[in-house]
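Descriptive analysis of the structure
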Amino acid sequence: MMKNKIRSLGHAAFEITTTKGTRILIDPWITGNPACPFKVGELDQPDLLLVSHDHHDHYGSDIPNLLNKGQGTLICQPEVAAKAQKDGVPAAKIITMNIGGTVEVKGVKVTMTQAVHSSASGTPCGYIVTLEDGKTVYHAGDTGIFASMKLFAEIYGIDVALLPIGGVFVMDPLQAAAALTLLQPKTVIPMHYRTFPVLEQTADKFIALAKEKAPQVEIKALQPGEAMEF
Ligand code: NI
Ligand code: MN
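Our subject in this report is the structure included herewith. (Residues numbered from 1 in each chain as written. Chains lettered and ligands numbered in written order. Predicted model: local features only at pLDDT ≥ 70, side-chain atom pairs only at ≥ 80, totals over all residues. Heavy atoms only, no water.)

Some details on the nonpolar core
How we decide: Nonpolar cores are built from buried Ala, Val, Leu, Ile, Met, Phe, Trp, Tyr and Cys residues. Side-chain atoms within 4.5 Å join them into one set. Only protein chains enter the accessibility calculation, which uses a 1.4 Å probe. A residue is then buried if its area is under 20% of the maximum for its type, exposed if over 50%, and partly exposed in between. The contact criterion used is simple: two residues touch if any of their non-hydrogen atoms lie within 4.5 Å.
Core analysis: the largest hydrophobic core is formed by 47 residues, its most contacted members being Ile-6, Ile-24, Leu-74, Ile-75, Val-110 and Tyr-127. Sequence-distant contacts of Ile-75, defined by excluding residues within four places in its chain, comprise Leu-48, Leu-49, Leu-50, Val-51, Ile-95, Met-97, Val-103, Val-105, Val-110 and Tyr-127. Listed in part, the 24 residues of the second largest apolar core include Ile-165, Met-171, Leu-180 and Tyr-193.

Rendered as C-alpha coordinates:
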(Lines give C-alpha, C1' and ligand atoms only; values in the text may rest on other atoms or scores of the structure.)
(Ligands and ions follow the chains in the order given, each with its own letter.)
Protein backbone atom coordinates (compact mmCIF):
# COMPACT_ATOMS: atom_id res chain seq x y z
CA MET A 1 0.00 0.00 0.00
CA MET A 2 1.22 3.49 -0.84
CA LYS A 3 2.09 5.60 2.16
CA ASN A 4 2.47 9.30 2.73
CA LYS A 5 6.05 10.48 2.95
CA ILE A 6 7.57 13.40 4.83
CA ARG A 7 11.10 14.56 4.16
CA SER A 8 13.13 16.99 6.26
CA LEU A 9 14.75 19.76 4.23
CA GLY A 10 16.58 21.09 7.31
CA HIS A 11 15.56 23.51 10.08
CA ALA A 12 11.73 23.95 9.85
CA ALA A 13 11.45 23.08 6.15
CA PHE A 14 9.56 19.92 5.19
CA GLU A 15 8.22 18.30 2.05
CA ILE A 16 5.19 16.00 2.25
CA THR A 17 4.31 13.73 -0.66
CA THR A 18 0.90 12.16 -0.19
CA THR A 19 -0.39 8.78 -1.34
CA LYS A 20 -2.07 10.60 -4.24
CA GLY A 21 1.18 12.29 -5.25
CA THR A 22 0.26 15.72 -3.92
CA ARG A 23 3.40 17.60 -2.93
CA ILE A 24 3.29 20.02 0.01
CA LEU A 25 6.16 22.27 1.07
CA ILE A 26 6.13 23.95 4.49
CA ASP A 27 8.46 26.84 5.41
CA PRO A 28 10.77 26.19 2.46
CA TRP A 29 13.97 28.00 3.50
CA ILE A 30 16.31 26.42 0.95
CA THR A 31 18.83 28.99 -0.31
CA GLY A 32 21.06 30.09 2.59
CA ASN A 33 19.82 27.32 4.90
CA PRO A 34 23.03 25.75 6.22
CA ALA A 35 21.12 22.56 7.08
CA CYS A 36 19.44 22.11 3.71
CA PRO A 37 21.21 19.53 1.51
CA PHE A 38 19.37 20.63 -1.64
CA LYS A 39 19.49 23.48 -4.10
CA VAL A 40 16.16 25.05 -4.91
CA GLY A 41 16.30 23.76 -8.50
CA GLU A 42 16.61 20.17 -7.26
CA LEU A 43 13.21 20.23 -5.59
CA ASP A 44 10.05 19.28 -7.44
CA GLN A 45 7.48 22.03 -7.77
CA PRO A 46 4.97 21.87 -4.94
CA ASP A 47 1.20 21.71 -5.29
CA LEU A 48 0.82 23.52 -1.98
CA LEU A 49 3.31 25.82 -0.29
CA LEU A 50 2.57 26.84 3.32
CA VAL A 51 4.42 29.60 5.18
CA SER A 52 4.14 30.03 8.95
CA HIS A 53 5.52 33.58 9.16
CA ASP A 54 7.82 36.01 7.40
CA HIS A 55 11.09 35.40 9.30
CA HIS A 56 13.91 34.59 6.90
CA ASP A 57 14.40 31.06 8.21
CA HIS A 58 10.79 30.22 7.23
CA TYR A 59 9.80 32.53 4.39
CA GLY A 60 13.27 32.43 2.82
CA SER A 61 13.83 33.84 -0.67
CA ASP A 62 12.82 30.92 -2.86
CA ILE A 63 9.03 31.12 -2.88
CA PRO A 64 8.69 32.86 -6.28
CA ASN A 65 11.13 30.32 -7.81
CA LEU A 66 9.34 27.39 -6.23
CA LEU A 67 6.04 28.51 -7.72
CA ASN A 68 7.10 29.90 -11.09
CA LYS A 69 7.01 26.72 -13.19
CA GLY A 70 4.17 24.62 -11.82
CA GLN A 71 0.59 24.94 -10.71
CA GLY A 72 1.52 25.42 -7.06
CA THR A 73 -0.50 27.51 -4.66
CA LEU A 74 0.90 29.59 -1.80
CA ILE A 75 -1.24 29.47 1.35
CA CYS A 76 -0.63 32.15 3.98
CA GLN A 77 -2.14 35.09 5.83
CA PRO A 78 -3.18 38.16 3.76
CA GLU A 79 -0.31 40.25 5.15
CA VAL A 80 2.26 37.60 4.16
CA ALA A 81 0.53 37.35 0.78
CA ALA A 82 1.04 41.09 0.24
CA LYS A 83 4.76 40.61 0.86
CA ALA A 84 4.85 37.61 -1.49
CA GLN A 85 3.16 39.62 -4.24
CA LYS A 86 5.81 42.34 -3.85
CA ASP A 87 8.41 39.57 -4.17
CA GLY A 88 6.88 38.44 -7.46
CA VAL A 89 4.30 35.77 -6.66
CA PRO A 90 1.19 36.37 -8.82
CA ALA A 91 -2.04 36.89 -6.86
CA ALA A 92 -3.62 34.06 -8.86
CA LYS A 93 -1.21 31.63 -7.18
CA ILE A 94 -2.09 32.66 -3.61
CA ILE A 95 -4.89 31.54 -1.30
CA THR A 96 -5.16 33.65 1.83
CA MET A 97 -6.60 32.42 5.10
CA ASN A 98 -6.25 33.02 8.80
CA ILE A 99 -6.17 31.33 12.18
CA GLY A 100 -9.09 28.97 12.81
CA GLY A 101 -9.93 28.60 9.14
CA THR A 102 -9.59 25.57 6.88
CA VAL A 103 -9.20 25.56 3.11
CA GLU A 104 -9.29 22.48 0.89
CA VAL A 105 -7.00 22.28 -2.13
CA LYS A 106 -6.65 19.14 -4.27
CA GLY A 107 -8.25 17.01 -1.57
CA VAL A 108 -5.88 18.25 1.16
CA LYS A 109 -7.36 20.24 4.04
CA VAL A 110 -5.18 23.00 5.48
CA THR A 111 -6.12 24.41 8.88
CA MET A 112 -4.26 27.45 10.19
CA THR A 113 -3.50 27.45 13.92
CA GLN A 114 -2.16 30.05 16.31
CA ALA A 115 1.53 30.23 17.21
CA VAL A 116 3.00 32.35 19.99
CA HIS A 117 5.88 34.24 18.37
CA SER A 118 6.54 37.48 16.42
CA SER A 119 6.64 38.58 12.78
CA ALA A 120 6.73 41.72 10.64
CA SER A 121 3.78 40.72 8.41
CA GLY A 122 0.59 39.41 9.97
CA THR A 123 0.87 37.03 12.92
CA PRO A 124 2.85 33.81 13.16
CA CYS A 125 0.89 30.61 12.71
CA GLY A 126 1.11 26.85 12.50
CA TYR A 127 -0.74 24.40 10.26
CA ILE A 128 -2.67 21.18 10.65
CA VAL A 129 -2.69 19.46 7.28
CA THR A 130 -5.22 16.66 6.74
CA LEU A 131 -4.12 14.51 3.82
CA GLU A 132 -6.43 12.73 1.35
CA ASP A 133 -6.36 9.52 3.42
CA GLY A 134 -7.24 11.37 6.65
CA LYS A 135 -3.72 11.37 8.15
CA THR A 136 -2.86 14.62 9.93
CA VAL A 137 0.41 16.52 10.18
CA TYR A 138 0.80 19.44 12.63
CA HIS A 139 3.61 21.89 11.83
CA ALA A 140 3.76 24.15 14.88
CA GLY A 141 5.71 26.96 13.17
CA ASP A 142 7.83 28.99 15.56
CA THR A 143 6.10 29.01 18.94
CA GLY A 144 6.26 28.68 22.68
CA ILE A 145 4.02 26.13 24.33
CA PHE A 146 0.33 26.97 24.79
CA ALA A 147 -2.30 24.96 26.63
CA SER A 148 -4.77 24.91 23.75
CA MET A 149 -2.48 22.56 21.84
CA LYS A 150 -4.65 20.04 23.70
CA LEU A 151 -7.61 21.11 21.57
CA PHE A 152 -5.76 20.16 18.39
CA ALA A 153 -5.55 16.60 19.72
CA GLU A 154 -9.24 16.63 20.64
CA ILE A 155 -10.53 18.21 17.43
CA TYR A 156 -8.24 16.74 14.77
CA GLY A 157 -6.11 13.98 16.29
CA ILE A 158 -2.48 14.38 15.30
CA ASP A 159 -0.58 11.64 13.52
CA VAL A 160 2.72 13.48 13.00
CA ALA A 161 3.77 16.58 14.97
CA LEU A 162 6.65 18.76 13.77
CA LEU A 163 7.76 20.63 16.88
CA PRO A 164 10.51 23.22 17.39
CA ILE A 165 12.88 22.19 20.18
CA GLY A 166 15.89 24.49 19.78
CA GLY A 167 15.03 27.05 22.48
CA VAL A 168 15.86 30.79 22.57
CA PHE A 169 13.38 31.78 19.81
CA VAL A 170 11.02 28.81 20.16
CA MET A 171 10.17 25.97 22.54
CA ASP A 172 13.12 24.34 24.26
CA PRO A 173 13.33 20.58 24.94
CA LEU A 174 11.41 20.92 28.22
CA GLN A 175 8.46 22.78 26.64
CA ALA A 176 8.46 20.61 23.52
CA ALA A 177 8.35 17.43 25.61
CA ALA A 178 5.47 18.88 27.66
CA ALA A 179 3.71 19.79 24.39
CA LEU A 180 3.62 16.08 23.56
CA THR A 181 1.37 15.45 26.55
CA LEU A 182 -1.08 18.02 25.11
CA LEU A 183 -0.87 17.04 21.43
CA GLN A 184 -0.59 13.27 21.92
CA PRO A 185 0.73 12.67 18.41
CA LYS A 186 1.57 9.17 17.19
CA THR A 187 4.96 10.45 16.00
CA VAL A 188 6.99 13.59 16.69
CA ILE A 189 9.71 15.01 14.46
CA PRO A 190 11.85 17.60 16.28
CA MET A 191 12.84 20.67 14.25
CA HIS A 192 14.41 24.12 14.54
CA TYR A 193 17.64 23.08 16.30
CA ARG A 194 21.38 22.91 15.45
CA THR A 195 20.97 25.40 12.58
CA PHE A 196 22.18 28.43 14.58
CA PRO A 197 24.95 28.40 17.22
CA VAL A 198 22.58 29.64 19.98
CA LEU A 199 20.10 26.78 19.48
CA GLU A 200 20.22 23.29 20.95
CA GLN A 201 22.83 21.43 18.92
CA THR A 202 21.32 17.96 19.21
CA ALA A 203 17.90 16.42 19.87
CA ASP A 204 19.31 14.39 22.77
CA LYS A 205 17.77 16.41 25.62
CA PHE A 206 14.40 16.49 23.89
CA ILE A 207 14.50 12.75 23.22
CA ALA A 208 15.32 11.98 26.87
CA LEU A 209 12.54 14.25 28.20
CA ALA A 210 10.02 13.03 25.62
CA LYS A 211 10.66 9.40 26.57
CA GLU A 212 10.05 10.32 30.21
CA LYS A 213 6.94 12.52 29.76
CA ALA A 214 5.27 10.92 26.74
CA PRO A 215 6.66 7.40 26.33
CA GLN A 216 3.87 6.39 23.95
CA VAL A 217 5.03 8.88 21.28
CA GLU A 218 7.39 7.61 18.59
CA ILE A 219 10.32 10.01 18.10
CA LYS A 220 11.82 10.40 14.63
CA ALA A 221 14.77 12.80 14.63
CA LEU A 222 15.13 13.04 10.85
CA GLN A 223 18.43 14.19 9.44
CA PRO A 224 18.10 16.87 6.74
CA GLY A 225 17.31 15.01 3.52
CA GLU A 226 15.96 12.00 5.41
CA ALA A 227 12.32 10.91 5.03
CA MET A 228 9.79 8.74 6.84
CA GLU A 229 6.56 7.13 5.74
CA PHE A 230 3.29 7.28 7.62
NI1 NI B 1 10.55 33.09 13.63
MN1 MN C 1 12.50 30.43 13.15
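Some words on the environment of Thr-130
Filter applied, for reference: Segments assigned H or I by DSSP are reported as helices when at least four residues long, segments assigned E as strands when at least two residues long, and all are numbered from the N terminus.
Mapped onto the fold, Thr-130 is located in strand S9 (residues 125-130). Along the chain, Thr-130 and Gly-157 lie 27 residues apart, while their C-alpha atoms are 10.0 Å from each other. Apart from residues no more than four positions distant in its own chain, Thr-130 is found in contact with Gly-107, Val-108, Lys-109, Lys-135 and Thr-136.

Observations concerning the sheet that holds strand S5 (residues 73-76)
The criterion, for reference: Two strands qualify as a pair provided DSSP detects at least 2 bridges between them. Axis lines are fitted through C-alpha atoms, for helices just across the contact stretch, and the angle between N-to-C directions can take any value from 0 to 180 degrees.
Pairing within the open sheet is mixed, and its seven strands lie in the order S6-S5-S4-S3-S2-S1-S14. Strands at the two margins of the open sheet, each flanked by one partner only, are strand S6 (94-96) and strand S14 (227-229). Going from strand to strand, the sheet's axes swing by 20 degrees on average, the running direction of each strand aside. Bridge analysis of strand S1 (residues 5-10) against S14 gives three bridges, and the strand direction is antiparallel. In the sheet register, Arg-7 faces S14, and the bridge partner there is Ala-227.

Considerations on the coordination of the manganese ion (ligand 2)
Just so we agree on the cut-off: Coordination here is defined by N, O and S atoms within 2.8 Å of the metal (3.2 Å for Na, K and Ca), and since water is not considered, a site can look incomplete.
Note on the manganese ion (ligand 2): its protein donors are Asp-57 (OD), His-58 (NE2), Asp-142 (OD) and His-192 (NE2). The metal-donor distances range over 2.2 to 2.3 Å. Donor residues for the manganese ion (ligand 2) sit on one chain with the sequence pattern D-H-x83-D-x49-H. A separation of 3.3 Å is found between the manganese ion (ligand 2) and the nickel ion (ligand 1), which share Asp-142 as a coordinating residue. Of this pair, His-58 sits in helix H1 (residues 56-59) while Asp-142 sits in the loop between strand S10 (136-139) and helix H4 (149-155); the two residues are 84 residues apart in sequence, bridging distant segments of the chain. Neither His-58 nor Asp-142 differs from the other in exposure class; each is buried.

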